[in-house]
Amino acid sequence: MSELEQLLGENLRNSSGELVPTSSVLFTKEVIGLYFSAHWCPPCRGFTPVLCEKYNELVQAGKSIELVFISSDKNEAQFNAYHAQMPFFALPYGDRDRKNKLSKKYKVSGIPTLVLLNSTTNIITNDGRSAIMDINKFPWKPLTTTEIIGPEFLKGNDGDKVSLTSLSSSGSFIGIYFSAQWCQPCRGFTPKLIEVYNKVRQAGKVFEIIFASLDKDEDTFNEYFEDMPWIAIPFSDRKRKDEMSSKFNVKGIPRLIILDSNLNVVNSDAAGDVGSDSQGGRFPWLPKKVYELEEKTQELNDVPSIVVLMEEAGDKWDAVEASLDVVASEVFGKLESGLDREFAFFVRKGTGDVSQQLRRMTMLSTPGSKPEMILLDLPNSGSFYTYEGDVTEENIRNFILDYWANKLRKQTVNP
């Protein structure tokens, strides 16, 4: 089975309702667009005619492109009527499981979303809506990280500049910090980041941060940047900031991405790691396989997550964490992704606000002497699964395998 068939299944639906082999439709295409949309969504109904027009222009110009509609319609009748307006193909409506997996895989948090892929299913851009508006740039070859980050940066508000070449040649790790003064969590995190940044540099480590501002005007940017000891993209260069946001798939702030001196991603979301490392001892914050629940809560909302709650089971902490570490290594190896994580592992040792909230949401009883394991799949309509037995390495592994095989009884969290 080809990569495209693994991704989209063996058949796609044309707008007349006929099923056609995926391989015959997509095999020779240079660009494949996944269009996440639904008729009930007003912005989708506004964008779909524009997308159809651009698609027709591209096809008439002889461009090697195909689009696939991934429906979030509420029933098949609505899907059929909506798809009939589109000149391209669709994932069959009945394949809801694959639709949910595609939404999770490409981190679709709202619609309409257009994800553009190349012929080997690698992402060209998650912001296909913007890209497709300029058909002259087909096939929208993504810029390299070096091209996107740009040649130089502001050092302070006095106009001094620092070059990317000087950072790379020094062997510096580089943090890209997406933040804004209007964002309350950012205002809380920035002082902590400044403190850790200073400690890391005082310890002789080569580290620089580039501030990518989401402030609403230049005066606010200057006021916010004035207290930062690092460098920044000039506020006027909005295009560069937008390209960086797209490159690193920034959906919320604060967001801190750590790169090595060759501009490879070391940690795609390091804010939680830095926030729990006040002395900077874990620099450059390689992702851990297993996190304490309070350290990195955003991942609970983004990817399926194994969570073991053992607040009162102190005698089991070390054994359970060691078992989770083994299974996490296997999972990340299977996914071939430890940096852009598609699965997460958490423990909770001792009480905390997040664990109490999870117990309420998943209807677990108060903490006892026995560790309790759940699998949260919040991106999938707030789903979760509970495990009734002992939390051992073998049982953790089988729990995940049963989840992947759709053998578990799905429940929905209490809001």
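For the structure given in this document, a descriptive report is provided here. (Residues numbered from 1 in each chain as written. Predicted model: local features only at pLDDT ≥ 70, side-chain atom pairs only at ≥ 80, totals over all residues. Heavy atoms only, no water.)

Re the pattern of salt bridges
Then comes step 1: A full pass over the atoms with the stated rule returns 20 salt bridges.
Then comes step 2: Among the salt bridges present, the one from Glu 295 reaches Lys 288, with a minimum N-O distance of 3.0 Å.
Then comes step 3: A residue is classified by how much of its surface remains accessible, and Glu 295, at 19% relative accessible area, is buried. (Salt bridge = Lys/Arg side-chain N within 4 Å of Asp/Glu carboxyl O. Buried < 20%, exposed > 50% of the residue type's maximum accessible area, 1.4 Å probe, protein only.)

Thoughts on the sheet that holds strand E14 (residues 265-267)
Then comes step 1: Spatially, the seven strands line up as an open sheet ordered E9-E8-E12-E11-E10-E13-E14, and their pairing is mixed. A single partner strand is all that each edge strand has here, and the edge strands are strand E9 (160-163) and E14.
Then comes step 2: Inspection of the sheet shows strand E11 (residues 207-213) paired to strand E12 (residues 231-232) by two bridges, in the parallel sense. Paired with Ile 210 across the bridge in E12 is Ile 231.
Then comes step 3: Sheet contacts for helix H9 (residues 184-202): strand E10 (173-179), E11 and strand E13 (255-259); angle to E11, the most-contacted strand, approximately 160 degrees.
Then comes step 4: Across the sheet, helix H10 (residues 218-225) lies against strand E8 (152-155), E10, E11 and E12, angled at about 155 degrees from E11, the strand it touches most. (Pairing = 2+ DSSP bridges. Helix = DSSP H or I, 4+ residues; strand = E, 2+ residues; numbered from the N terminus. Contact = heavy atoms within 4.5 Å. Axes fitted to C-alpha atoms, helices over the stretch in contact; angles between N-to-C directions.)

Overview of a negative patch on the surface
Then comes step 1: Negative charge collects at one region of the surface, where Asp 217, Glu 218, Asp 219, Glu 223, Glu 226 and Asp 227 lie side by side.
Then comes step 2: Classification of Glu 226 as exposed rests on a relative accessible area of 59%. (Patch = residues over 30% accessible without salt bridge, like charges linked within 9 Å, V, L, I, M, F, W, Y side chains within 5 Å. Areas by Shrake-Rupley, 256 points an atom, 1.4 Å probe, with all protein chains shown as cover. Lys, Arg positive; Asp, Glu negative; His and termini not counted. Charge placed at Lys NZ, Arg CZ, Asp CG, Glu CD.)

Structural notes on the packing of aromatic side chains
Then comes step 1: Summed over all chains, the structure comprises 28 aromatic pairs.
Then comes step 2: Judged by centre distance (5.7 Å) and plane angle (65 degrees), the ring pair of Phe 207 and Trp 285 falls under edge-to-face. Of this pair, Phe 207 sits in strand E11 while Trp 285 sits in the loop between helix H12 (271-275) and strand E15 (291-292), placing them 78 residues apart in sequence. By the burial criterion, Phe 207 is buried, and Trp 285 matches it.
Then comes step 3: On the numbers, 6.2 Å between centres and 70 degrees between planes, the contact of Phe 343 with Tyr 403 is edge-to-face. Of this pair, Phe 343 sits in the loop between helix H14 (317-335) and strand E17 (344-348) while Tyr 403 sits in helix H16 (residues 393-404), and the two are 60 residues apart along the sequence.
Then comes step 4: Classification of Tyr 403 as buried rests on a relative accessible area of 9%.
Then comes step 5: Above the ring of Tyr 106, the side-chain terminus of Lys 105 is found at 5.7 Å from the ring centroid.
Then comes step 6: In this arrangement the basic side chain of Lys 216 is found over the ring face of Trp 182, its NZ or CZ atom lying 5.6 Å from the centre. (Phe/Tyr/Trp six-rings, centres within 6.5 Å; stacked < 30°, edge-to-face > 60°. Lys NZ or Arg CZ within 6 Å of the ring centre and 35° of its normal.)

Details of the pairing of strand E19 (residues 383-387)
Then comes step 1: In the sheet, strand E18 (residues 372-377) pairs with E19 via five bridges, with the strands oriented antiparallel. Bridge assignment links Met 373 to a residue of E19, and that residue is Tyr 387.
Then comes step 2: Between the end of E18 and the start of E19, which pair antiparallel, lie five residues, with Ser 381 showing a positive phi angle near 55 degrees.
Then comes step 3: Here E19 runs beside strand E20 (residues 411-412); their pairing, made up of two bridges, is antiparallel. Opposite Ser 383, over in E20, you have Thr 412 as the bridge partner.

Comments concerning the nonpolar core
Then comes step 1: One finds Ile 149, Ile 176, Tyr 177, Phe 178, Ile 210, Phe 211 and Trp 230 to be the most contacted residues of the largest nonpolar core, which totals 49 residues.
Then comes step 2: If one sorts the elements of this core by residue count, H9 sits on top with seven residues.
Then comes step 3: By size, the runner-up hydrophobic cluster in this structure holds 26 residues, among which are Cys 44, Leu 51, Phe 69 and Ile 132. (Core = buried A, V, L, I, M, F, W, Y, C linked by side-chain atoms within 4.5 Å.)

Describing the layout of surface pockets
Then comes step 1: Considering only enclosed or pocket space, the second largest pocket measures out at about 190 Å³ in volume.
Then comes step 2: The wall of the second largest pocket is formed by 13 residues, among which Leu 364, Glu 372, Thr 386, Tyr 387 and Glu 388 lie closest to the centre.
Then comes step 3: Elements that contribute at least two residues to the lining of the second largest pocket include exactly E18 and E19.
Then comes step 4: Among the residues making up the lining of the second largest pocket, the classes are represented as six nonpolar, four polar and three charged. (1 Å grid on protein atoms, 1.4 Å probe; cavity = no way out; pocket = protein on both sides within 12 Å on 5 of 7 lines; lining within 4 Å. Points joined across faces, edges and corners; volume = space filled by probe spheres on them. Nonpolar A, V, L, I, M, F, W, Y, C, P; charged D, E, K, R; others polar.)

Notes on the side chain of Ser 179
Then comes step 1: Tracing the backbone shows Ser 179 in strand E10.
Then comes step 2: A polar atom in the side chain of Ser 179 sits 2.8 Å from the side chain of Tyr 224.
Then comes step 3: Once residues within four sequence positions are removed from consideration, Ser 179 is found in contact with Cys 186, Thr 190, Phe 211, Ala 212, Ser 213, Leu 214, Asp 215, Tyr 224 and Ile 253. (Polar contact = N/O pair within 3.5 Å; in protein donor to acceptor, adjacent residues only side chain to side chain.)

Topic: the side chain of Ser 383
Then comes step 1: Structurally, the position occupied by Ser 383 is in strand E19.
Then comes step 2: Discounting chain neighbours no more than four positions away, the residues touching Ser 383 are Leu 375, Leu 376, Asp 377, Leu 378, Lys 410 and Gln 411.

Focus: the environment of Lys 288
Then comes step 1: Summarising the element assignment, Lys 288 is placed in the loop between H12 and E15.
Then comes step 2: Classification of Lys 288 by relative accessible area gives partly exposed; the value is 25%.
Then comes step 3: Considered as a pair, Lys 288 and Ala 344 are 56 residues apart in the sequence and their alpha carbons are 9.7 Å apart.

With respect to the environment of Phe 346
Then comes step 1: Mapping Phe 346 onto the fold places it in strand E17.
Then comes step 2: For Phe 346, a relative accessible area of 0% translates into the label buried.
Then comes step 3: Apart from the residues within four sequence positions on either side, Phe 346 is in contact with Val 290, Tyr 291, Glu 292, Leu 293, Lys 296, Glu 299, Leu 300, Ser 305, Ile 306, Val 307, Val 308 and Leu 324.

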